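Topology and contacts: notes
One-letter residues, chain by chain:
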4 protein chains.
Amino acid sequence: MPKQDFAFFHRLRVRWTEVDRQDIVFNGHYLTYFDLAMTEYLRAMGFPYPSGLLDAGSDLFVVKATVEYKASAHYDEEIDIYCRVARIGRSSIQFLFEIHRGDELLVTGENIYVNADPKTKQSAPAPKVLRDAIRRLEKIDPTHQA
Amino acid sequence: MPKQDFAFFHRLRVRWTEVDRQDIVFNGHYLTYFDLAMTEYLRAMGFPYPSGLLDAGSDLFVVKATVEYKASAHYDEEIDIYCRVARIGRSSIQFLFEIHRGDELLVTGENIYVNADPKTKQSAPAPKVLRDAIRRLEKIDPTHQA
Amino acid sequence: MPKQDFAFFHRLRVRWTEVDRQDIVFNGHYLTYFDLAMTEYLRAMGFPYPSGLLDAGSDLFVVKATVEYKASAHYDEEIDIYCRVARIGRSSIQFLFEIHRGDELLVTGENIYVNADPKTKQSAPAPKVLRDAIRRLEKIDPTHQA
Amino acid sequence: MPKQDFAFFHRLRVRWTEVDRQDIVFNGHYLTYFDLAMTEYLRAMGFPYPSGLLDAGSDLFVVKATVEYKASAHYDEEIDIYCRVARIGRSSIQFLFEIHRGDELLVTGENIYVNADPKTKQSAPAPKVLRDAIRRLEKIDPTHQA
């Protein structure tokens, strides 16, 4: 998917503590990058964590993560973590990620979150305010999301 | 797959720095656990990293990681990271992981590694000594691995 | 202080994610090592965290940390984190650390903890059971600890 | 020392992976924050790492770190890491740090670096271009720095 089709990205600079002795970012740290981008995505949409999101009746837990590594990010490079919601199910939300360094695609990924009730921690339908906000931004057709 | 069908596991204790404000291990840290288990698996097989593995003509890079989260590990718990090679291709090696806390399955995962020439860093067929060692341990039928 | 004068040490192996592009452990990770050693020290003494220590009426917060780096630990090395309590004040406890790789001293450090009431999180005198256990192990003269 | 007497600070937002189950930043992560601030300080001065600094004939290694914790940073808070060089010796450089959340001082610290020759990794006098740049910014009197 072309970068320009993402409505959101988060830029960060690779830290010293994130690269290994081969001067490449350790594979697990990309999940930290995904987490940071998804947090900023929700903040931009009006749901900072925890207050905004929990107040809206949502807490999100990752149930599946997939990362594909095409090229490596190195120390001190600025990289852009593109982030979007591709699908909202009853209680699950699929986030897609792409990490770019300038015009080069480094990493793609997918996180499946389950929406939980902040009090009971049990899975629950995502609250309407959150679903509506995502659909407005992502132009997802709700009739295709059952 | 039943735990007893794994030839290898690595036990560790969850660290303070690995749990978050919900007292659960952050999703990305499970890739660190996979990395630790795979390192010990190779050491047990006679290929410690870097000297043993590089000397055998192999360096391994993750090209795809998948993690499924079924239940959470918490602070100070002892967990077992089961690890095995399920498939050896020409230059790729598929590792499967299961993380158990006692009898409870917490996480499953898969890492696809590409074997590279330690000097050129280009993908290359996995060296015969490594393939043979894995096949002996895992009882993988080489005729099915092309 | 000679290693043999420490009553306790914790051994661990340096992880891939803890070394940097110079193949040395990042300076901040030694505080993780100190934390692990101190946790095991308290466990060995009968105060695992959280249940044992909090039940005894103690929670410990670091108020000052000092680390001196004499030589570097590298990837995959086994290192020993020696740990002892050198002084117990009214509500503060001074831990000293030494990290050795075999016979070579790599790092020394000191953490000052303040004992807090687990409920109020306010500083409070360390409970008698904890003080007594430490004094028995460390042979600290209580008359010198005011 | 008043904030306004620092010529430089670096702002960052506390990450999910940096807070523990008490929702406070783990004590060791403040050394990562110091490292980030010092890196940006050198970049601002014209010595990005590695190219700028190594090209100038300098590589810096921490030989002593001290951190005093006065109050805790929490998840998602924006904090400012103030950073300055207080003293340049023959081959050692003393950095001082203060971490503020708005007007509240959270943490103070000191890192002593030794300047090393990038090739031999042996300690060596800090190169003149680096000393001069620091002295210009910090208005340190060179006659007091022997």
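This section reports on the structure supplied with the text. (Residues numbered from 1 in each chain as written. Chains lettered and ligands numbered in written order. Predicted model: local features only at pLDDT ≥ 70, side-chain atom pairs only at ≥ 80, totals over all residues.)

Concerning the sheet that holds strand 3 (residues 78-88) of chain A
Cut-off, in case you're wondering: Two strands form a pair only when DSSP identifies at least two bridges running between them. Under the DSSP-based scheme used, a helix requires at least four consecutive residues in state H or I and a strand at least two consecutive residues in state E, with every element numbered from the N terminus. The angle between two axes is taken between their N-to-C directions and runs from 0 to 180 degrees, where each axis is a line fitted to C-alpha atoms and a helix contributes only its stretch in contact.
Read across the sheet, 10 strands follow the order 1(A)-3(A)-4(A)-5(A)-2(A)-2(B)-5(B)-4(B)-3(B)-1(B) without closing on themselves; strand pairing throughout is antiparallel. For this open sheet the edge positions go to strand 1 (9-13) of chain A together with strand 1 (9-13) of chain B, each flanked by a neighbour on one side alone. This sheet shows a mean twist of 25° between the axes of neighbouring strands, independent of strand direction. For strand 2 (residues 59-69) of chain A and strand 5 (residues 104-116) of chain A, the ladder comprises 10 bridges, and the chain directions are antiparallel. Considered in strand 5 of chain A, the bridge of A:Asp59 is made with A:Ala116.

Some words on the relation of the copies chain B and chain D
Turning one copy of the chain about an axis and sliding it along that axis gives the other copy, so a rotation and a shift relate them. So the rule is basically this: Least squares is used to superpose the copies, and the fit set is the C-alpha atoms of residues whose pLDDT is at least 70 in both copies. Here contacts are defined at the residue level, using C-beta atoms placed from the backbone and a cut-off of 7 Å between them.
Aligned on chain D, chain B shows an RMSD of 0.0 Å; the corresponding rotation is 180° and the shift along the axis is 0.0 Å. What we have between these two chains is a two-fold relation. Within chain B, B:Arg21 has its C-alpha nearest the rotation axis, a separation of 2.0 Å. Looking at chain B, 100% of its interface residues are interface residues in chain D too, so the copies touch through the same face.

Quick look at the interface of chain A and chain B
Reports of interface size often rely on the accessible area that becomes lost once the parts have come together. Formally: Note that Gly is not counted as nonpolar here; it falls among the polar residues with everything else outside the nonpolar set of Ala, Val, Leu, Ile, Met, Phe, Trp, Tyr, Cys and Pro and the charged set of Asp, Glu, Lys and Arg.
With 13 residues of chain A at the contact, the number on the chain B side is 13 residues. Elements represented by at least two residues in the side of chain A that touches chain B include exactly helix 1 (29-44) and strand 2 of chain A. Examining the composition of the side of chain A that touches chain B, we find that 8 residues originate from one element, strand 2 of chain A, more than from any other. Among the residues making up the side of chain A that touches chain B, the classes are represented as 6 nonpolar, 5 polar and 2 charged. Where strand 2 of chain A lies against strand 2 (residues 59-69) of chain B, 5 bridges are found, and the strand directions are antiparallel. The residue bridging A:Thr66 from the neighbouring strand is B:Thr66, located in strand 2 of chain B.

Fair warning: the whole summary comes from geometry, so function is off the table for now.
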